[in-house]
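Coordinate inspection notes
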Amino acid sequence: MADLEAPTPKGLDDIDAEIAQYESAVRTLKSQRNMLTPISRLPVEILCQILILTTYTTCPPHWMAVTHVCSYWRMAALKCPAMWSYITFERPSRWTNEMLERSMQAPLTLHVLDHWRLGRMLKTVSTALEHIGRTVELHLRGDFSTLTKSLNQPAPNLHTLILEYSDTGSYSGIPWQSVSLPDDFLGGDTPRLRHLELKQCHLSWNSGILKGLTHLELKGPTSQPASISQVVSVLSNTPMLEVLRLHGILESVDAAAYNTLSRSQHPIPLTRLSRLHLHSDVVSATKLFLHLSFPTDVIVDISVNATTDAQYDFGPFLSALDECGANSTRVLDRPMNTFYLDSLSVGSSLRVRIWPVQGPCVDPPFQLAMSWDTGLAGYSARTKGILQNIGDAFPLSRIRNLRFQLFDSVVGFGPASFGVFEACQQLKSLALERAVNNFVKALGTPNRQEDGSEIAKFPNLRELSIVDAEFTDGHVDDLRNTLQYRGSRKARLRLLRMEMCVGLYHDNVTLLEPLVGKMEWDHQELDPEMSDEDSESLYDEDDYYDEYSYDDPWY
């Protein structure tokens, strides 16, 4: 029985010690085995470079797991300050402090992109901002108004600064607010700053950080819009500027002198500009362009709007933009392929967009959007005049694609305005959406030549798309007559595409098919008396949003 008695505590301790000794030996053997693998034979400098790449290719803080792979990796990671220089605020504050300590004196990248998280971690973010002197990139998104007062120290190494202000009210129906940065923001001393983005932030136009930039992006609304002279003064201090984006930050200019504005004798030469984005009213944009000069191959995305005042057209604006070309070249002297006219809202305003490429694209090399209020009755002459301005500025003879997306109630656009586009003799594709019947009739009327002969409008037209139109009161007969006429004038359509058309039935399509080369129809027979609820039930919701999503560049 004595042999069955429990071992003495001393005996257990001896066994535990022996187990620990064997486990230590196993770990040593595993470590020695790991050192024989190719990755462990890499010099520590090369391994560190590989580990640094993980901070850019994986989401923080998941790349911290590399410190748990093996002792060699952990030793390399802990002795690599650059690996810890991308400060994450995804984990509790103690991790942020640990990363700051491990980064030693390496240049820092500070990103707080979750506006909700910023509000909960102000103290931690404030601690990180104490290292602004060695920060090379700072990106804050949210309500950082309480942090700006402490950012009064110079940032000699800062290269990229992005501040996107928003408060909780911005997401609860309260109008968007902006924040004013203090006059001593960053001590006005950022000698290496090249990339600056301020959204809903106001910075003194005399600030020293607005100098020597290559990328400048300012987006409103802001409490203190910029005057043209202030913007021109800033641009005069950025001769190396490559990207300029101004969105809703220009103050309104007295429109009384709109038609008498003249070009500056000494425009600011932005010789390195490669991308220009501007959203503004037409008068402010015109005055700004009269002070600028830049290469004609710059990627352009401009959106301007005019009010209901009949004196506002786009002639002076288009002229000012065209004359911005450096070395007496013309900005608008480039082939334009696609012209798109649409209604911004029922019965109120129109917008023109122009691309040099076929159809819409996500980032066209040239995109110009001009919108204007059509007002009440009697504005058709104004609309026609504005379209004529555009026709005079751009060679419409080069247009290959036209698209009209208009409500029936749009004031100021009708067959007379449609006649402006008769210069598009090389037109290949025409898309009509919603209000289409007047245009269908116009396509079936002749163009009389000087010798008295007749040809069809757009004689080279090959494709016609009709979407979301209502065919009632003989409109199908109008379309049939138009197709018959074009066939008689050797201008037969190769393709007729019809989608989501109300009042269009299989029998109608059967009559139209012989008049075109190919007929594409979605086979939806929508009755004009059908309720909205019944109409929606015909479509699969997922299919609808796949085809007409908000990401569709046509919209």
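Residues numbered from 1 in each chain as written. Predicted model: local features only at pLDDT ≥ 70, side-chain atom pairs only at ≥ 80, totals over all residues. Heavy atoms only, no water.

1. Focus: the packing of aromatic side chains
Applied cut-off: Note on aromatic contacts: the rings of Phe and Tyr and the six-membered ring of Trp form a pair at centre separations within 6.5 Å, being stacked when their planes are under 30 degrees apart, edge-to-face when over 60 apart, and tilted otherwise. Numbering of helices and strands runs from the N terminus; a helix is a DSSP stretch of H or I covering at least four residues, while a strand is a stretch of E covering at least two. Partly exposed describes any residue whose relative accessible area lies between the buried limit of under 20% and the exposed limit of over 50%, with all areas from a 1.4 Å probe on protein chains only and scaled to the type maximum. Counting as a charge over the ring demands two things of the Lys NZ or Arg CZ atom: a distance within 6 Å of the ring centre and an angle within 35 degrees of the ring normal.
Summed over the entire model, instances satisfying the criterion amount to 9 aromatic pairs. Summarising the aromatic geometry, the rings of F144 and Y165 are spaced 5.7 Å apart at their centres and angled 80 degrees between planes, so their arrangement reads as edge-to-face. Here Y165 lies in strand β4 (residues 160-165) and F144 lies in the loop between β3 (135-142) and β4, a separation of 21 residues in the sequence. In this structure, F144 and Y165 share a single accessibility class: buried. Their ring planes at 65 degrees and their centres at 6.5 Å tell us that F289 and F294 sit as a pair that is edge-to-face. Of the residues examined, F289 reaches a relative accessible area of 0% and is grouped as buried. For R102, the ring lying beneath its charged end belongs to W84, and the centroid distance is 4.6 Å. Sitting over the ring of Y340, R403 keeps its end group 5.7 Å from the ring centre.

2. Let's talk about the pattern of salt bridges
Quick reminder of the rule: When a carboxyl oxygen of Asp or Glu lies within 4 Å of a side-chain nitrogen of Lys or Arg, that pair is called a salt bridge.
What the rule picks out here adds up to 14 salt bridges. For K457, the salt bridge is made with E422, and the minimal N-O distance between the two is 3.6 Å. In this pair, K457 is assigned in the loop between β20 (454-456) and β21 (463-467) and E422 in the loop between α11 (415-418) and β18 (429-434), connecting sequence segments 35 residues apart. Of the residues examined, K457 reaches a relative accessible area of 7% and is grouped as buried. A salt bridge links R434 to D468, with the shortest nitrogen-to-oxygen separation between them at 3.8 Å. With R434 in strand β18 and D468 in the loop between β21 and α13 (475-488), the pair connects residues that are 34 residues apart, well separated along the chain. By sharing partners, the salt bridges in this structure join R141, E164, K199, E217 and R245 into a single network.

3. Considerations on the nonpolar core
Defined as follows: The criterion is simple. A nonpolar core is a set of buried Ala, Val, Leu, Ile, Met, Phe, Trp, Tyr and Cys residues joined through side-chain atoms within 4.5 Å. Note on contacts: a residue pair qualifies if any of its non-hydrogen atoms lie within 4.5 Å across the two residues.
Counting 141 residues, the largest nonpolar core has F289, F294, F317, F339, I466 and M498 as its most contacted members. Setting aside residues no more than four positions away along its own chain, I466 makes contact with L432, V436, V440, F471, L479, L496, R497, M498, E499 and C501.

4. Concerning the pairing of strand β17 (residues 401-406)
This is how the line gets drawn: Note: two strands are recorded as paired if DSSP finds a minimum of 2 bridges between them.
Across the 6 residues of β17, 6 count as buried, placing the element largely inside the fold. Here β17 shows no split at all, with N401, R403 and Q405 on one side and L402, F404 and L406 on the other all buried. Alignment of β17 against β18, held across 6 bridges, turns out to be parallel. From the neighbouring strand, F404 faces β18, where its bridge partner is L432.

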